[in-house]
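Chain by chain, the residues:
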Amino acid sequence: MTFKTLDDISDLHGKTALVRVDFNVPVEDGRITDDTRLKVALPTIEKLQKLGAKVALLAHFDRPKGKVVPEMSLRFVAPALSALLGTTVAFADDCVGADAADVLKLLPAGGVALLENVRFHAGEEKNDPDFAAQLAALGDIYVNDAFSAAHRAHASTEGVAKLLPAYAGESMRRELDALNAALGTPVRPTIGIVGGSKVSTKLDLLKNLVGKLDALAIGGGMANTFLYAQGHEVGGSLCEKDLKDTALEILKEAEVKGCRILLPLDVVVAQEFKAHAPNRIVDLGAELSGDDKIFDAGPKTVAQLKDVIDNSKTLIWNGPLGVFELPPFDTATVEAAKFAAEQTQSGKLIAVAGGGDTVAALNHAGVVQDMTFVSTAGGAFLEWMEGKDLPGVSALG
Ligand code: ADP
Ligand code: MG
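Please read all numbers here as calculations on a predicted model, not as lab measurements.

J.: What exactly am I supposed to notice about the UniProt feature "binding site: ATP" (unreviewed entry) in the protein chain here?
T.: UniProt records the feature "binding site: ATP" (unreviewed entry) for Lys202, Glu325, Gly355, Gly356, Asp357 and Thr358 in the present numbering. Position of Lys202 relative to the elements: it lies in the loop between strand E9 (190–194) and helix H8 (203–210). The buried category is assigned to Lys202, whose relative accessible area is 12%. In this view, Lys202 contacts Val194, Gly195, Met222, Asn318 and Gly319; residues no more than four positions away in its chain are not counted. Assignment of secondary structure puts Thr358 in helix H13 (residues 356–365). Apart from the residues within four sequence positions on either side, Thr358 is in contact with Trp317, Asn318, Gly319, Pro320 and Ala353.

J.: Before we go on, may I ask you to explain the UniProt feature "binding site: substrate" (unreviewed entry) in the protein chain in this structure?
T.: Using the residue numbers shown here, the UniProt feature "binding site: substrate" (unreviewed entry) corresponds to Asp22, Phe23, Asn24, Arg37, His60, Phe61, Asp62, Arg63, Arg119 and Arg152. Residue position: Arg63 is located in the loop between strand E4 (54–58) and helix H2 (77–85). Beyond its immediate sequence surroundings of up to four residues, Arg63 is in contact with Met72 and Arg119. Examined against the element boundaries, Arg152 turns out to sit in the loop between strand E7 (141–144) and helix H6 (155–159). Given a relative accessible area of 36%, Arg152 falls into the partly exposed group. Here Arg152 is in contact with Arg119, Thr157 and Pro391, once residues within four sequence places are set aside.

J.: I would appreciate a short explanation of the environment of Pro278 in the present structure.
T.: Within the secondary structure layout, Pro278 lies in the loop between strand E12 (266–270) and strand E13 (279–283). Given the relative accessible area of 59%, Pro278 is considered exposed. A sequence separation of 79 residues divides Pro278 from Val199, and the C-alpha atoms of the two residues are 27 Å apart. If sequence neighbours within four positions are ignored, Pro278 has contacts with Val269, Ala270, Gln271 and Glu272.

Cut-off values and rules
Residues numbered from 1 in each chain as written. Chains lettered and ligands numbered in written order. Predicted model: local features only at pLDDT ≥ 70, side-chain atom pairs only at ≥ 80, totals over all residues. Heavy atoms only, no water. UniProt positions renumbered as here; feature names shortened; annotations may be inferred. Helix = DSSP H or I, 4+ residues; strand = E, 2+ residues; numbered from the N terminus. Buried < 20%, exposed > 50% of the residue type's maximum accessible area, 1.4 Å probe, protein only. Contact = heavy atoms within 4.5 Å.

Structural data, given as C-alpha cells:
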C-alpha cells in the first residue's frame, strides 16, 4: 500500500496540520502512569513544527460515548506533553467549532494545541460526515499518527482523512513499514509464532497466516486444541474440544498452502495453577491424568523452534507459548524470545511482534528493544495480522 508521509511536504508556514494521535494513556489518581504514547507522538509533532505548521492534536480518551464527561477530559495531557516537547501546549475546550478555531488562530507557526476528546461528540464513533467536515474545517492537511486507532472507521481516523490531503505520521509510517516487512513483502523463509490461550479468539489470524507463511509454530493453550484434534491426550488442560474440526481444517489448509505447522513435541504439566507449582516434562503421547494441565512447551519443542527460527529470515509473533505470568512456565516463551532477539541483533532475522500479553511477555524476557519492532497497537495489530483492511490506513492511500 502506498501513502504519503511528512517527507513529501516541504513547507507548512501559515498552515494548520490536524494530527490524530493516540493519547489514551493509563492514568491512576489523575497521574499518567506510562507516557509512552505521548513520546511516540513527538517525532511527528516536532517535524511539523520544523515545517512551520500550527499543530492541532486530535485524540480520544476513555469511553465517554458521545457525551461530554468532564472526568474524561484530555486537559490533563497538555502539561505532560508540554514538558516532553519543551514548548507550551495550548488546550481547546472543544475539538470543533469556535472554541477550537479561536485557539488555533492564536497559535504561532510551530505552535501546538491539543483539542478536547473527540469522543465527546457522537459523530466521532458514527463517522458522521458533518462531524468529519467540522474537523476538516480546522486544518489544511491531515496527519494520522495513531495506528492503534486505525482499525476503527471513526470521523477523526477515517472520515476526515478523505476531506483533506492526508499523510502518515512518523510512528504510523514506522509501524506500517515494520508490518509490511513482516507480512506484506517479507524476506523468506518466514515463520510465525502464535500462542496465547484460545483458538477461538485467533481463528481469523491462524487462517490468514497459514496462507502466507512458510512455517507456523502454534503454542500456548491453543496448541492443546490442535493436539486434542490430532488424538493426543491433554488431561485437564485448557482445550476447546468443540473446535476440533476447525483445528483440523486449519491443519489441512496449511498443508494445501505449503505452510509447515510446528506443534509441541513435549510439554510441561502441573496440577496447580500457581507459580512454582510442582511440574514435570512429558513427551507428546504420554498419559495424562485429568488433573494434569499443560502450562508450557517442553525443551524439545523449544529446540525445534529455535532451529526453524535459525533457518528463517523473518519472524512474526503473537501470543506467549505458555502461562508466562507464572514461573517456571515462562521458560519456553523467554527462551524463544531471547533467541529471536539474538538472531535479530546479529542481523540474521527481522522479528516483529505484537499483542497485549505478548508485549508483557517480551518485556518480562527483557528483549523488547532487541526485536526489529514490537507493536503496542493491540486490536489494530491483531486485525492487521488477520489480514483485515484497516480503515484508518486505507484512508491514507
Ligand atoms: P495477546 O494478548 O498477546 O494477544 P493472548 O491474550 O492471546 O495474547 O494470550 C495470553 C494468555 O495466554 C496469557 O495470559 C497466558 O497465561 C495464556 N496461556 C498461554 N499458554 C497457556 C496454557 N498452556 N494454558 C492456559 N493459558 C495459557
Ligand atoms: Mg491478551
